[in-house]
Amino acid sequence: MHEPVPQEAVAEPEAPAAGPAAPAPLNVPREPTGDAGVDAQLARLADADHLATDGHVEVYEDVHRGLRDALTALDARPGPPAPPSSYGSRS
């Protein structure tokens, strides 16, 4: 005959730990723009796919800063030369 096992000795299965789900890629398609600097910033967004949500802000701010710098660089480039003045100098 088997003796009954005391209730305290019976281990109940542990419930899964409640907490945030593991990071999952968003798989948002990114199409190349043709500008290497902008494309590099957009590719950087994929780094957020492997981070917990609280880590996304750093990536997004970094990408935003890089895109803003790329736009600022466009403003700094010299434009085409101005057309010659039709008034010319009088001698």
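Residues numbered from 1 in each chain as written. Predicted model: local features only at pLDDT ≥ 70, side-chain atom pairs only at ≥ 80, totals over all residues. Heavy atoms only, no water.

**Student:** How should I be thinking about the overall build of the protein chain in this particular structure?
**Tutor:** Counting its secondary structure elements, the protein chain contains two helices and zero strands. For the protein chain, the residues scored as buried account for 8% of the 91 residues in total. Within the protein chain, counting contacts between residues at least 6 apart in sequence, those at least 24 apart form 29% of the total. Taken as a whole, the protein chain presents about 8,400 Å² of accessible surface, with 59% of it coming from carbon and sulfur. (Helix = DSSP H or I, 4+ residues; strand = E, 2+ residues; numbered from the N terminus. Buried < 20%, exposed > 50% of the residue type's maximum accessible area, 1.4 Å probe, protein only. Contact = heavy atoms within 4.5 Å. Areas by Shrake-Rupley, 256 points an atom, 1.4 Å probe, with all protein chains shown as cover.)

**Student:** How should the layout of surface pockets be read in this particular structure?
**Tutor:** Any space left empty among the atoms is revealed by the rolling of a water-sized probe across them. Computed from the structure, the largest pocket encloses a volume of approximately 170 Å³. Lining the largest pocket are 12 residues, and of these Ala21, Pro23, Leu51, Ala52 and Thr53 lie nearest its centre. Residues of the lining of the largest pocket, tallied by class, amount to nine nonpolar, two polar and one charged. (1 Å grid on protein atoms, 1.4 Å probe; cavity = no way out; pocket = protein on both sides within 12 Å on 5 of 7 lines; lining within 4 Å. Points joined across faces, edges and corners; volume = space filled by probe spheres on them. Nonpolar A, V, L, I, M, F, W, Y, C, P; charged D, E, K, R; others polar.)

**Student:** Sorry if this is basic, but what is going on with the packing of helix α1 (residues 36-44) against helix α2 (residues 53-76) here?
**Tutor:** Each packed pair of helices is defined by two parameters, the angle between the axes and the distance between the axes. α2 packs onto α1 with a crossing angle of 170° between their chain directions and a minimal axis gap of 9 Å. Between α1 and α2, the angle falls in the class roughly antiparallel. Residues Val38, Gln41 and Arg44 of α1 touch α2, and the partners they reach there are Val59, Asp62, Val63, Gly66, Leu67 and Ala70. (Axes fitted to C-alpha atoms, helices over the stretch in contact; angles between N-to-C directions. Parallel < 35°, antiparallel > 145°, perpendicular 65-115°, else oblique.)

**Student:** Looking at this model, I keep getting lost on the pattern of salt bridges. Mind explaining?
**Tutor:** Two side chains bearing opposite charge may form a pair once their charged atoms approach each other closely. The final tally for this structure, using the stated rule, is three salt bridges. Two residues, arginine 44 and aspartate 47, come together in a salt bridge whose shortest N-O distance is 2.6 Å. Among the salt bridges present, the one from arginine 44 reaches aspartate 62, with a minimum N-O distance of 2.6 Å. With a gap of 18 residues between them, arginine 44 in helix α1 and aspartate 62 in helix α2 connect regions that are remote in the sequence. Take aspartate 62: its relative accessible area is 25%, and that puts it in the partly exposed class. Several salt bridges converge on common partners, so that one network encompasses Arg44, Asp47, Asp62 and Arg65. (Salt bridge = Lys/Arg side-chain N within 4 Å of Asp/Glu carboxyl O.)

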